[in-house]
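Tertiary structure, described
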Amino acid sequence: MAATPIAVITGASSGIGAATARTLAAAGFRVVLTARRKDRIEALAAEITEAGHQATAYPLDVTDRAAVDEFATAFRSLAVLVNNAGGALGADPVATGDPADWRQMYETNVIGTLNVTQALLPALTASGDGTIVILSSTAALSAYEGGGGYVAAKHGEHVLAETLRLEIVGTPVRVIEVAPGMVRTEEFATTRFRGDTEMAAKVYAGVDAPLTAEDVADTIGWAVTRPSHVNIDLLVVRPRAQASNTKVHRTG
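Residues numbered from 1 in each chain as written. Predicted model: local features only at pLDDT ≥ 70, side-chain atom pairs only at ≥ 80, totals over all residues. Heavy atoms only, no water.

1. Here's the deal with the sheet that holds strand β2 (residues 30-35)
The 7 strands are arranged β3-β2-β1-β4-β5-β6-β7 in an open sheet whose pairing can be described as parallel. In this open sheet, the two edge strands, each paired with only one partner strand, are β3 (54-59) and β7 (234-237). Neighbour-to-neighbour, the strand axes of this sheet turn through a mean angle of 15 degrees, independent of strand direction. Bridging between strand β1 (residues 6-9) and β2 involves 4 bridges; their strand directions are parallel. By the bridge assignment for β2, Ile6 is matched with Arg30. Against the sheet, helix α1 (residues 15-26) makes contact with β1, β2, β4 (80-83) and β5 (130-135), and its axis sits at roughly 170 degrees relative to β1, the strand it touches most. Packed onto the sheet, helix α4 (residues 99-126) meets β1, β4, β5 and β6 (173-180) and runs at close to 175 degrees relative to β4. (Pairing = 2+ DSSP bridges. Helix = DSSP H or I, 4+ residues; strand = E, 2+ residues; numbered from the N terminus. Axes fitted to C-alpha atoms, helices over the stretch in contact; angles between N-to-C directions. Contact = heavy atoms within 4.5 Å.)

Now the structure itself:
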C-alpha cells in the first residue's frame, strides 16, 4: 500500500492557510499544520482528524531558521509545501512608512518562504513528485498607493518563485504561484490596520462578493492535484468585482 502523501501548510492557524489545510486533507493528504499560534493549529488538527482525515500540528515561526531546520528533520519525503505564512502591516505612503513594518513584512513573506523552502526542498525532491506552492498576491504583480512595503515583499516572493522554477527545472519538483486579489478573511485587513475593525471593514465596503479563504483553498487544491507533468506557473484569482488592485466595483 502506498504511503499517504504529506502536505505542509505554513500560516495554517486561520484564513487561507486553515482553509487550505481542510481542502488538502479532504483530498487525501496527511496535512502538517504550522503557525506560531499553537492553540489554533491544534484545534484545527483535531477538527480535521474528527472529520476522518489525517492532521498534525507543529508550532513554528517561519522566520526562525534554526526552528525551521529542526522541523525539516522530520521529513524524508514530502509531497506538497504550501508557503502561506505572511501578511501586511500598515497602509502608509512610502514617504512616511515605518521601516520596522517593511522589515517585518519582508522577513515573514520572503525570508520565511525562503527558510521553509530551502529546508524542505531535499524532502520534496526525494518524493520523486514534489510540489511547492507560494501564496503571493496581486500585489506581487502591480503596485498601488499605500501598499509600498507589502508590494515590495510580495514582489520579492514572486521573483523567488520565478527564480526557483528556473533553477530546479529537470528535478521532480514543480513550483506553483497563486496570486489572490481581494480576499475577505477574519484577520488579514484587521491585522494590517492594527486591530482597527472600522478601517478593515472599509476595504470591502460595497463589494458584493470578495473572495473567501475557501475560494483560494479550492484553487490551491486544484493546482496541486493536476497530473505531475502539469505545472501551473502563475494563477491570478480575483473576485468578479475586482478588475485590478485599484479598480473595484462597489455598490452604494
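Following the structure, the description resumes.
2. As for empty space enclosed by the protein
According to the stated counting rule, one finds 1 cavity of 30 Å³ or more in the structure shown. Empty space within the largest cavity amounts to approximately 80 Å³. Looking at the largest cavity, it is lined by 15 residues, and the ones nearest its centre are Leu89, Gly90, Asp92, Trp102 and Met105. Where the lining of the largest cavity is concerned, the elements lending two or more residues are α4 and α5 (148-168). Per-class residue counts for the lining of the largest cavity are 5 nonpolar, 6 polar and 4 charged. (1 Å grid on protein atoms, 1.4 Å probe; cavity = no way out; pocket = protein on both sides within 12 Å on 5 of 7 lines; lining within 4 Å. Points joined across faces, edges and corners; volume = space filled by probe spheres on them. Nonpolar A, V, L, I, M, F, W, Y, C, P; charged D, E, K, R; others polar.)

3. Things to note about the nonpolar core
Core analysis: the largest hydrophobic core is formed by 36 residues, its most contacted members being Leu24, Val31, Leu33 and Ile220. Sequence-distant contacts of Ile220, that is, excluding residues within four places in its chain, are made with Ile16, Thr20, Val82, Val133, Leu135 and Val178. Grouped together as the second largest cluster of nonpolar side chains are 33 residues, Ile134, Tyr150, Leu160 and Val173 included. (Core = buried A, V, L, I, M, F, W, Y, C linked by side-chain atoms within 4.5 Å. Buried < 20%, exposed > 50% of the residue type's maximum accessible area, 1.4 Å probe, protein only.)

4. Side note on the packing of α1 against helix α2 (residues 38-50)
Two quantities define a packed helix pair, namely the angle between the axes and the distance from one axis to the other. At a closest axis distance of 11 Å, the pairing of α1 and α2 adopts a crossing angle of 25 degrees. One finds that α1 runs roughly parallel with respect to α2. α2 is crossed by α1, and the crossing has right-handed handedness. On α2, the residues touching Ala18, Ala21, Arg22 and Ala25 of α1 are Leu44, Glu47 and Ile48. Here the residues of the contact of α1 with α2 are counted per class, giving 5 nonpolar, no polar and 2 charged. (Parallel < 35°, antiparallel > 145°, perpendicular 65-115°, else oblique. Left-handed = near helix turned anticlockwise from the far one by under 90°.)

5. Quick look at the pairing of β7
Only one face of β7 is buried, namely the one carrying Leu235 and Val237, since none of Leu234 and Val236 on the opposite face is buried. Bridge count between β6 and β7: 4 bridges; the pairing is parallel. Its bridge partner lying in β7, Glu177 is registered against Leu234.

6. Describing α2
Over its 13 residues, α2 extends 18 Å from the first C-alpha to the last, a length consistent with the 18 Å expected when each residue adds 1.5 Å. For α2, the set of buried residues is Ile41, Leu44, Ala45 and Ile48. In a view along the axis of α2, the buried residues occupy a sector of 100 degrees, so they form one face of it. Looking at α2, the residues exposed on the side facing more than 90 degrees away from the buried face are Asp39 and Glu50. Tucked inside the fold, the buried residues of α2 contact α1, β2 and β3. Immediately downstream of α2, the backbone of Gly52 shows phi near 95 degrees, a positive value. (Expected span 1.5 Å × (residues − 1). Arc of directions from axis to C-beta.)

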